[in-house]
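# Remarks on the overall topology
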Amino acid sequence: MYLGLDLGTSGLKAVLIDENQALVAEATAPLEVARPHPGWSEQMPCDWLAATEAAMAALGARADLSGVRAIGLSGQMHGATLLDASHEVLRPCILWNDTRAAAEAAALDADPAFRSVTGNIVFPGFTAPKLAWVRAHEPDVFDRTALVLLPKDYLRLWLTGEAVAEMSDAAGTSWLDTGARDWSAPLLAATGLSRDHMPRLVEGSEVSGTLRDSLADAWGLPRGVPVAGGGGDNAASGIGMGVVRAGDGFVSLGTSGVLFAACDAYAPDPATAVHTFCHALPETWHQMGVILAATDALNWFARTCGTDAATLTGGLGPLQAPGRTVFLPYLGGERTPHNDAAIRGAFARIDHAADRDALARAVLEGVAFAFRDSFDALAATGTRLERLVAVGGGAKSDTWVRMIATLIGLPIDLPQAGDYGGAFGAARLGMMAATGQGAALATRPPIARSLDPVPALADAFGEAHATYRATYTALKGLDR
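Described below are features of the structure shown in this document. (Residues numbered from 1 in each chain as written. Predicted model: local features only at pLDDT ≥ 70, side-chain atom pairs only at ≥ 80, totals over all residues. Heavy atoms only, no water.)

## Here we look at the packing of helix H13 (residues 356-380) against helix H14 (residues 398-408)
It is at 9 Å that the axes of H13 and H14 come closest, and there the two elements cross at 35°. At the point where H13 passes H14, the crossing takes the right-handed sense. Between H13 and H14, the contacting residues are Leu-364, Glu-365, Val-367, Ala-368, Phe-369, Phe-371, Arg-372 and Phe-375 on the first element and Trp-400, Met-403, Ile-404, Leu-407 and Ile-408 on the second. Its residues placed into classes, the contact of H13 with H14 shows 11 nonpolar, no polar and 2 charged. (Axes fitted to C-alpha atoms, helices over the stretch in contact; angles between N-to-C directions. Helix = DSSP H or I, 4+ residues; strand = E, 2+ residues; numbered from the N terminus. Left-handed = near helix turned anticlockwise from the far one by under 90°. Contact = heavy atoms within 4.5 Å. Nonpolar A, V, L, I, M, F, W, Y, C, P; charged D, E, K, R; others polar.)

## Describing the sheet that holds strand S19 (residues 285-291)
Taken in spatial order, the 7 strands make up an open sheet running S18-S19-S17-S16-S22-S23-S24, and their pairing is mixed. Two strands in the sheet have a free side with no partner beyond their single neighbour: strand S18 (275-278) and strand S24 (447-451). Strand after strand, the sheet turns through a mean of 30° between neighbouring axes, direction not considered. Bridge count for strand S16 (residues 248-253) against strand S17 (residues 257-263) is 5 bridges, and the pairing is antiparallel. Its bridge partner being in S17, Gly-249 is matched across the sheet by Ala-261. (Pairing = 2+ DSSP bridges.)

## Focus: empty space enclosed by the protein
Enumeration over the complete set of coordinates arrives at 3 cavities of 30 Å³ or more. Empty space within the largest cavity amounts to approximately 90 Å³. Together, 15 residues line the largest cavity, and Thr-99, Pro-124, Gly-125, Leu-292 and Arg-335 are the ones closest to its centre. Looking at the lining of the largest cavity residue by residue, the class counts come to 5 nonpolar, 6 polar and 4 charged. (1 Å grid on protein atoms, 1.4 Å probe; cavity = no way out; pocket = protein on both sides within 12 Å on 5 of 7 lines; lining within 4 Å. Points joined across faces, edges and corners; volume = space filled by probe spheres on them.)

## A look at the nonpolar core
Ranked by size, the top nonpolar core spans 106 residues in total, and within it Ile-71 and Trp-175 carry the most contacts. With 56 residues, the next largest nonpolar core counts Leu-253, Ala-293, Ala-370 and Leu-451 among its residues. (Core = buried A, V, L, I, M, F, W, Y, C linked by side-chain atoms within 4.5 Å. Buried < 20%, exposed > 50% of the residue type's maximum accessible area, 1.4 Å probe, protein only.)

## Remarks on the pattern of salt bridges
Scanning the model with the defined rule gives 21 salt bridges in all. Between Glu-203 and Arg-181 there is a salt bridge, and its shortest N-O distance comes to 2.9 Å. Here Glu-203 is found in the loop between strand S12 (200-202) and strand S13 (207-210), whereas its partner Arg-181 is found in the loop between strand S10 (176-177) and strand S11 (182-183), with 22 residues between them in sequence. Taken as a pair, Glu-203 and Arg-181 share a single burial class, namely buried. Between Arg-372 and Asp-376 there is a salt bridge, with its nearest N and O atoms 2.9 Å apart. Of this pair, Arg-372 and Asp-376 both sit in helix H13, separated by 4 residues, roughly a single helical turn. (Salt bridge = Lys/Arg side-chain N within 4 Å of Asp/Glu carboxyl O.)

## Observations regarding the side chain of Ser-184
Residue position: Ser-184 is located in the loop between S11 and helix H8 (185-190). Judged by relative accessible area, which is 7%, Ser-184 ranks as buried. Not counting chain neighbours up to four residues away, the residues in contact with Ser-184 comprise Val-117, Trp-175 and Asp-177.

## Let's talk about the packing of helix H1 (residues 45-62) against helix H6 (residues 151-160)
Between H1 and H6, the shortest axis-to-axis distance is 10 Å and the interhelical angle comes to 65°. Crossing handedness for the pair H1 and H6: right-handed. In this structure, H1 contributes Pro-45, Trp-48, Leu-49, Thr-52 and Glu-53 to the contact, and H6 contributes Pro-151, Tyr-154, Leu-155 and Trp-158.

## What to know about helix H10 (residues 233-240)
In terms of burial, H10 is a largely internal element, 7 of the 8 residues being buried. Considered for burial, the residues of H10 that qualify are Asn-234, Ala-235, Ala-236, Ser-237, Gly-238, Ile-239 and Gly-240. Gly-242 sits one or two residues past H10 and shows a positive phi near 70°.

Note that all results are geometric; they support no functional claim without further evidence.
Shown next, in the form of structure tokens:
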């Protein structure tokens, strides 16, 4: 069997698959996010370890773990986990959706070397500007920092004792030469760091270390189990859904939203605000448009209404033309295509007819319009998508998925029951590391059904998308 651990923002998920990639057991443990100041988002790394212990205890109660042959890791990207020379954590981890380093990101992005070497804009959520912020605002912490790890790689350090990162996650730091798949010494130096502060690099399908004996014994695993490099959450989801070849893509309706396209060559275009990263397989890359609040926006509105998302949207009925009300889902800024950390969400064009259902529908539409923005940005780079698979909690809503399909003009496949996301992809990467097999293991999931665009509504959604874009432009200056 093969174990996948996915360290998400809201929880840690563990899945166990057999040699035929069938699900044997799964378990989750929740995590909380601290927001001590506006725009800040933090977690304590010790909570990740406690969540792993809880998930493994639950998994062990459901399955015999003595047959585990490898472990793969997936995790939230961009987080800055700072350790001293004794590998003690120096401060809470600054997470991917933290925007405090907007000024530092702009300063680094003004240096053309960053876009040239990394193939990406330096976004405020990336790791390098966070270190620049720590250097400016917490110099004592910066001076004591001996090692910078991404969240899942801190988990790896605890699991194996090895400080290792892999290419897909490292590409989101603004320190990786994404074409060469190696750390860039000049970019590290620009933030006061060196290679000595970085973990060594492996490919996602390679062995990064072996599970510590004490953990193997406590969890009932064999000793010497290899731990694969793994992948950033989206790259691992790409492995889980078989999105590993040019033309393949997926749309993720999770806390954040992602439109992900696999690429067989490195072809960056930073000006579009599209992310161009290494994939979790050797000599493979991917591009993605990123929306910072997808289901996060819907859950926020549901809480505001004193209910949950399923109840809020349950009575909306089939897809219809957009209403008059416009919602911008920029609760914590936005990445693609705006690279705007200051913009915030808004309802606009509200009138007396705007009841709770109308506002809920506007939230769904706003997120769908943001996906159309990402689709247009990907197209501007020359990337072409032929078909998409939907993943994430929001994909349970046919109305939402069909809305996105109508806006981008492509059918969207829904897999058969099962979770083919980051944890499953991590388990596949563990299987690759243990067996030496590669992309052949990353098959597409069985598809239950497809949701096609609604041609009769295409013009109405296109016009509403134009209004959405104009609303952003009109409101942009108000949050400065």
